[in-house]
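# Per-entry structural report
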Amino acid sequence: KEYMSAACLLEQISSLSGHISRPDVVEKKLERMIQGGRPSLHVISDFDATMTSYWKDSSCSTRNDSDHAMLAYSRLMSDECKREIEDICKKYEPIESSQTLSPEEKTPSMIAWWDGVHQLLIGQNR
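This structure is a prediction, so every number in the text was calculated from the model and none was measured.

Turning our attention to the overall build of the chain. A count of helical and extended segments in the chain gives five helices and zero strands. Secondary structure of the chain in N-to-C order comes out as α-α-α-α-α. Relative to its full complement of 126 residues, the chain shows a buried share of 18%. For the chain, the share of sequence-separated contacts (at least 6 apart) that also reach a separation of at least 24 residues comes to 42%. Accessible surface for the chain amounts to roughly 9600 Å². Of this, 55% is attributable to carbon and sulfur atoms.

This is the structure in structure tokens:
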């Protein structure tokens, strides 16, 4: 199977996610990932912000996008998929941020949220 070049991938990533401070470093990493192929690729995602910053800035007014959000709202997803994901998020975000529900009460909804969005993203695999 023919893979996209690292330079082409870097261009697409830049157009989807904004500024990359060290494009030369990112391009070299992409080249190594392409050379290693699928068997050596391992993805660690931080969908719940346990390893990365939850807030974009020190004012705590804007959340960083989750890995699912970055995929879900990219131009690579169909409009229908984006609408369905938005509906799911509207349903579950109030539960996630609730100050009255315990973690035990939230957990089934958070799992359903993650699973629902994940299935929609998998369905976009073209």
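This brings us to a nonpolar patch on the surface. A cluster of nonpolar residues, M33, L41 and V43, forms a patch on the protein surface that exposes about 300 Å² of accessible area. Along the chain, V43 turns up in the loop between α2 (23-36) and α3 (67-72). Taking the relative accessible area as the measure of exposure, V43 reaches 68% and is therefore exposed.

Moving on, we get to the environment of C81. Topologically, C81 is positioned in helix α4 (residues 79-96). Judged by its relative accessible area of 3%, C81 is buried.

This paragraph deals with the pattern of salt bridges. As enumerated under the stated definition, the model contains one salt bridge in all. The partner of K90 in a salt bridge is E86, with the nearest N and O atoms 3.4 Å apart. Residue K90 and its partner E86 are located together in helix α4, separated by four residues, close to a single helical turn. Since its relative accessible area comes to 55%, K90 is described here as exposed.

Moving on: the packing of aromatic side chains. Within this structure, the stated rule accounts for one aromatic pair. Aromatic pair Y92 and W113: ring centres 6.1 Å apart, planes at 15°, arrangement stacked. Highlighted residues: Y92 in helix α4 and W113 in helix α5 (residues 103-123), separated in sequence by 21 residues. Judged by relative accessible area, W113 falls into the buried class, the value being 13%.

Let us now look at the environment of E31. Position of E31 among the secondary structure elements: in helix α2. Of the residues examined, E31 reaches a relative accessible area of 35% and is grouped as partly exposed.

Before going further, it helps to examine the nonpolar core. Grouped together as the largest cluster of nonpolar side chains are 11 residues: A72, M77, C81, I85, I88, C89, Y92, W113, V117, L120 and L121. For this core, the elements supplying multiple residues, two or more each, are α4 and α5. Considering every element that reaches this core, the biggest residue donor is α4, with five residues. Those residues within four positions of C89 in sequence are excluded, and the remaining contacts are Y73, P94 and W113.

The rules we used
- Residues numbered from 1 in each chain as written.
- Predicted model: local features only at pLDDT ≥ 70, side-chain atom pairs only at ≥ 80, totals over all residues.
- Heavy atoms only, no water.
- Helix = DSSP H or I, 4+ residues; strand = E, 2+ residues; numbered from the N terminus.
- Buried < 20%, exposed > 50% of the residue type's maximum accessible area, 1.4 Å probe, protein only.
- Contact = heavy atoms within 4.5 Å.
- Areas by Shrake-Rupley, 256 points an atom, 1.4 Å probe, with all protein chains shown as cover.
- Patch = residues over 30% accessible without salt bridge, like charges linked within 9 Å, V, L, I, M, F, W, Y side chains within 5 Å.
- Salt bridge = Lys/Arg side-chain N within 4 Å of Asp/Glu carboxyl O.
- Phe/Tyr/Trp six-rings, centres within 6.5 Å; stacked < 30°, edge-to-face > 60°.
- Core = buried A, V, L, I, M, F, W, Y, C linked by side-chain atoms within 4.5 Å.

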